[in-house]
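A structural walkthrough
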Amino acid sequence: MSTAAAAFPPPPSALQPRALLALLRLSLAGLSRLRRLISLCLLFALPMLLAALPRIAASLRGRPLDPLALTEIEFVFAFVLLPHAVVPLAALLFGSGMINDEIEDQTLTYLLIRPLQRWSIYAVKLLASVLLVIFLCALFVPPLLFMIWWGQPSVDVPLAELVARIGRLLVICSLAAFAYTAIFGCLGILVRRILIVGAVYIIVFEGLLASIPFVLREFTVMYYLRVLMLSWLHIPEAARHWGLEVDVIPEAASCVVTLLVVGTLATAFACYLFSVREFRLKTPEGT
Amino acid sequence: MTSVIEQAPTRPDPTARPADGPAIVDFTGVSKWYGQVIGLNNLTVRIPAGVTGLLGPNGAGKSTFLQLATGQLRPSMGTVRVLGQPVWNNPGMNRWIGLCPEQDAFYEWMTGWEFILACAHLSGLGGGVARNAAAQALEYVKMTPNMNRAIRGYSKGMRQRTKIAQALVHEPKVLFLDEPMSGTDPLARRDLHDLMLRLGDEGRSIVLSSHVLYEVQGITPHILLLNRGKLVAEGHLRQIRDLIDEHPHRIVIVSPQYRRVAARLVEQDDVVGMELRPREEAVVIETKAPDTFYQRLPTLALAEDTPIHEVYSDDDNLEAVFKYLVSP
């Protein structure tokens, strides 16, 4: 019996746009299952709900909030809670789940046995995760800032300025979504208990380390996000709160490039790991 | 009832397989280790076109074999080729390969139609072609009436058929079916059996894994026997049966007068061993001439003092067969 490869046609290309598009649709649908979407919507709505409380209290007292109080509210809920906690947590949930869910549910087989390059499976799933985080940001950031600033009797914020501020914050959140999801996706392939590891990473590395004025903080994503917020959103109190020296912080453009490079490197490394790793799904036989 | 090997409906060999044709699946010196555990141990086997049964008890390495053959696992040693091409890290090959996996896993929130259509798209089929392929695959496995229901509501048989449909949707050249009848009820089992016969009759190359000899021998006489990651036997069912027939057959006879039955049978020349099972009111006899033995049974059963309630083979599982094949 011969094994002549010539007897059979060569395999077709494994990078077909329509297959990748189908994978993107499948991943978006899988990641946005109702229960997960509701939890994430609640998470993203949290800053808005918390920011609404002082406004409600002020209206009950019959005294409008002064501009300084509004600036503090915006800082705490839009510039601290959202990019420091909500976006990283959402990125952790999506980034950890995009592959691990498929392994847990044993559905990864259906992807691995299709003519798709392994790295492209990972890359498309990451894309779906990042898009979903950005979608949630786009859904909740505008009402958050509108809720803080719009219709306040004490300040008159022009609509165009508010929209521009929303746009800039959305870009910053999108960069955060990409960098964090890429990092957590990569960690998800490297470690088992990614949710615990990810939570520790957010608290210790991104939370504490980024706040210590030392060279190590330049290795955190948060440092660059803070610099961008400082540069683009004109929040003078941020420099004091975050211990940033305006004279020595990097340019906004280099922050953007750094975040993109970090996300890309994490993605490339994870793609490599995914393409060489064996995924041995448990079977009833257990072989 | 006689031994399953004797009595099961063995198909006449409809596939005269070209012995000198190219190997569809080619394992050369393949070993697969999971840490200290050996999945496959220096396995060399060439599977020609046609339907081949991959048999072995639980833990024999069947799933490892199929996962290696479908490029999901990388061999620790040796080479795995399908249709002449290496399969590990060669995803283009998946256009020619279909796998019905063993695990009962789905995107449960999808309907059968959505799932099969998604699989068609993932295989690179587009638009109308994908829709036609999905419709045909579902029709082929007779799931069209249920295709718009959520998979989470499917019965085990429907789920198995849906798994086969996803393996067929892109018209693969080789089909790997991992325990396709596992866990199904007799009705679903018969449907799946007919479905696999149809696939074989259409000239598809199929590797069908099972731990139940009876299931496979009704579909193909070409079998590979794996045990503990090694190839125990390979070839036509007749050859395997010959190997098995070198060992005594164990036949269980249930009778309230099992001691008297035992006393009658022990006198026969062809009975080479005997064991009493008081709790089951049964006697297990070992014979090297099962045909002669079965011919004599009606006379024994008709005798008033030796009523027989049940007769069955103690060899109706593969573990017993392997015991024969691997014992010295």
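As the structure is a prediction and not an experimental result, all values here were calculated from the model.

**With respect to the packing of aromatic side chains**
Counted by the stated rule, this structure contains 15 aromatic pairs over all chains. Ring plane angle 25 degrees and centroid distance 6.2 Å describe the contact between A:Tyr110 and B:Phe106, whose orientation is recorded as stacked. A residue pair is termed interchain when its members come from two chains, as with A:Tyr110 in helix α4 (residues 108–112) and B:Phe106 in the loop between β6 (97–100) and α3 (112–122). Neither residue differs from the other here; A:Tyr110 and B:Phe106 are each classed as buried. By the ring-pair criterion, three or more aromatic residues cluster together here, those being A:Tyr110, B:Phe106, B:Tyr107, B:Trp109 and B:Phe115. Sitting over the ring of B:Tyr140, B:Arg198 keeps its end group 4.4 Å from the ring centre. The side chain of B:Arg204 reaches across the aromatic face of B:Tyr140, ending 5.7 Å from its centre.

**What to know about the packing of α3(B) against helix α4 (residues 127–140) of chain B**
All names here are of chain B. Axis separation between α3 and α4 bottoms out at 9 Å; the angle between their running directions is 130 degrees. Relative to α4, α3 is oriented oblique. In terms of crossing hand, the pair formed by α3 and α4 is right-handed. Between α3, through Gly-112, Trp-113, Ile-116, Leu-117, Ala-120 and His-121, and α4, the contact on the second element is made entirely by Gly-127, Ala-130, Arg-131, Ala-134, Ala-135, Ala-137 and Leu-138. When grouped by side-chain class, the residues that make up the contact of α3 with α4 number nine nonpolar, three polar and one charged.

**Some details on a nonpolar patch on the surface**
Together, A:Leu46, A:Leu50, A:Leu53, A:Ile56 and A:Leu60 make up an exposed nonpolar region whose accessible area comes to about 480 Å². Topologically, A:Leu53 is positioned in helix α2 (residues 34–61).

**A closer look at helix α8 (residues 221–233) of chain A**
Residues separated by three or four positions in an α-helix point in the same direction, a consequence of the helix having 3.6 residues per turn. All names here are of chain A. Here α8 contains 13 residues, and its C-alpha end-to-end distance of 18 Å stays within 8% of the 18 Å for a straight helix at 1.5 Å per residue. Most of α8 sits inside the fold, with eleven of its 13 residues counted as buried. Those residues of α8 that sit buried are Val-221, Met-222, Tyr-223, Tyr-224, Leu-225, Arg-226, Val-227, Leu-228, Met-229, Leu-230 and Leu-233. Against α3 (67–104), α6 (159–190), α7 (194–208), α9 (236–242) and α10 (252–276) lie the buried residues of α8. Positive phi appears at His-234, one or two residues downstream of α8, with a value of about 50 degrees.

**Let's talk about the environment of B:Met110**
Inspection of the secondary structure puts B:Met110 in the loop between β6 and α3. Residues B:Met110 and B:Pro57 lie 53 residues apart in sequence; the distance between their C-alpha atoms is 33 Å. The contacts of B:Met110, once residues within four sequence positions are left out, are A:Leu26, B:Phe115, B:Ala118, B:Arg149, B:Ala150 and B:Ile151.

**Quick notes on the sheet that holds strand β3 (residues 51–55) of chain B**
Residue and element names in this part refer to chain B. An order of β6-β7-β8-β3-β9-β10 is seen for the six strands of this open sheet, with the pairing classed as mixed. Strands at the two margins of the open sheet, each flanked by one partner only, are β6 and β10 (230–236). On average, each strand axis in the sheet is tilted by 15 degrees relative to the strand beside it, whichever way the strands run. Packing against the sheet, helix α6 (residues 186–201) makes contact with β3, β7 (174–178) and β8 (205–210), and its axis sits at approximately 150 degrees to β8.

**Comments concerning α3(B)**
Counting buried residues in α3(B) gives ten out of eleven residues, a clear majority hidden from the surface. Within α3(B), the full set of buried residues consists of B:Gly112, B:Trp113, B:Phe115, B:Ile116, B:Leu117, B:Ala118, B:Cys119, B:Ala120, B:His121 and B:Leu122. In this fold, the buried residues of α3(B) make contact with α1 (17–31) and α4 of chain A together with α4 and α5 (156–168) of chain B.

**Observations regarding the confidence of the model for chain A**
When pLDDT drops low, the exact placement of atoms in the prediction is not to be read closely. Of all residues in chain A, 92% have pLDDT values of 70 or greater, and the mean over the chain is 89. Across chain A, the element-wise mean pLDDT spans from 82 in α9(A) up to 96 in α10(A).

**Looking at unusual backbone geometry**
Residues and elements named next belong to chain B. A positive phi angle, close to 55 degrees, is found at Leu-83, a residue other than glycine. Position of Leu-83 among the secondary structure elements: in the loop between β4 (77–82) and β5 (85–86). Even without being glycine, Glu-171 reaches a positive phi, approximately 55 degrees. Following the sequence through the fold, Glu-171 ends up in the loop between α5 and β7.

**A word on the sheet that holds β5(B)**
All names here are of chain B. Taken in spatial order, the four strands line up as β2-β1-β4-β5 in an open sheet, and their pairing is antiparallel. Looking at strand neighbours, the two that pair on one side only are β2 (37–47) and β5, the edges of this open sheet. Pairing of strand β1 (residues 25–34) with β2, which is carried by seven bridges, proceeds in the antiparallel orientation. By the bridge assignment, Val-30 is partnered in β2 with Leu-43.

**Some words on the packing of α6(A) against α7(A)**
Residue and element names in this part refer to chain A. One can describe the packing of α6 onto α7 by two numbers: an axis separation of 10 Å at closest approach and a directional angle of 135 degrees. By the criterion of interaxial angle, the relationship of α6 to α7 is oblique. The way α6 lies across α7 gives a crossing that is right-handed. Counted together, Tyr-180, Ile-183, Phe-184, Leu-187 and Gly-188 of α6 and Ile-194, Gly-198, Tyr-201, Ile-202 and Glu-206 of α7 form the full contact between these two elements. Across the contact of α6 with α7, the residue classes tally to seven nonpolar, two polar and one charged.

**Focus on the pairing of strand β9 (residues 222–227) of chain B**
All names here are of chain B. Taking burial as the measure, the six residues of β9 include six buried ones, the bulk of the element. Bridge count for β3 against β9 is three bridges, and the pairing is parallel. Looking across to β9, one finds that Gly-53 is bridged to Ile-223. With six bridges joining them, β9 and β10 adopt antiparallel strand pairing. Within β10, the residue paired with Leu-226 across the bridge is Leu-231. Hairpin remark: β9 followed by β10, antiparallel, with two residues in the connecting loop; positive phi at Arg-228, about 50 degrees.

What counts, and where the lines are drawn
- Residues numbered from 1 in each chain as written.
- Chains lettered and ligands numbered in written order.
- Predicted model: local features only at pLDDT ≥ 70, side-chain atom pairs only at ≥ 80, totals over all residues.
- Heavy atoms only, no water.
- Phe/Tyr/Trp six-rings, centres within 6.5 Å; stacked < 30°, edge-to-face > 60°.
- Helix = DSSP H or I, 4+ residues; strand = E, 2+ residues; numbered from the N terminus.
- Buried < 20%, exposed > 50% of the residue type's maximum accessible area, 1.4 Å probe, protein only.
- Lys NZ or Arg CZ within 6 Å of the ring centre and 35° of its normal.
- Axes fitted to C-alpha atoms, helices over the stretch in contact; angles between N-to-C directions.
- Parallel < 35°, antiparallel > 145°, perpendicular 65-115°, else oblique.
- Left-handed = near helix turned anticlockwise from the far one by under 90°.
- Contact = heavy atoms within 4.5 Å.
- Nonpolar A, V, L, I, M, F, W, Y, C, P; charged D, E, K, R; others polar.
- Patch = residues over 30% accessible without salt bridge, like charges linked within 9 Å, V, L, I, M, F, W, Y side chains within 5 Å.
- Areas by Shrake-Rupley, 256 points an atom, 1.4 Å probe, with all protein chains shown as cover.
- Salt bridge = Lys/Arg side-chain N within 4 Å of Asp/Glu carboxyl O.
- Expected span 1.5 Å × (residues − 1).
- Pairing = 2+ DSSP bridges.
- pLDDT = per-residue confidence, 0-100.

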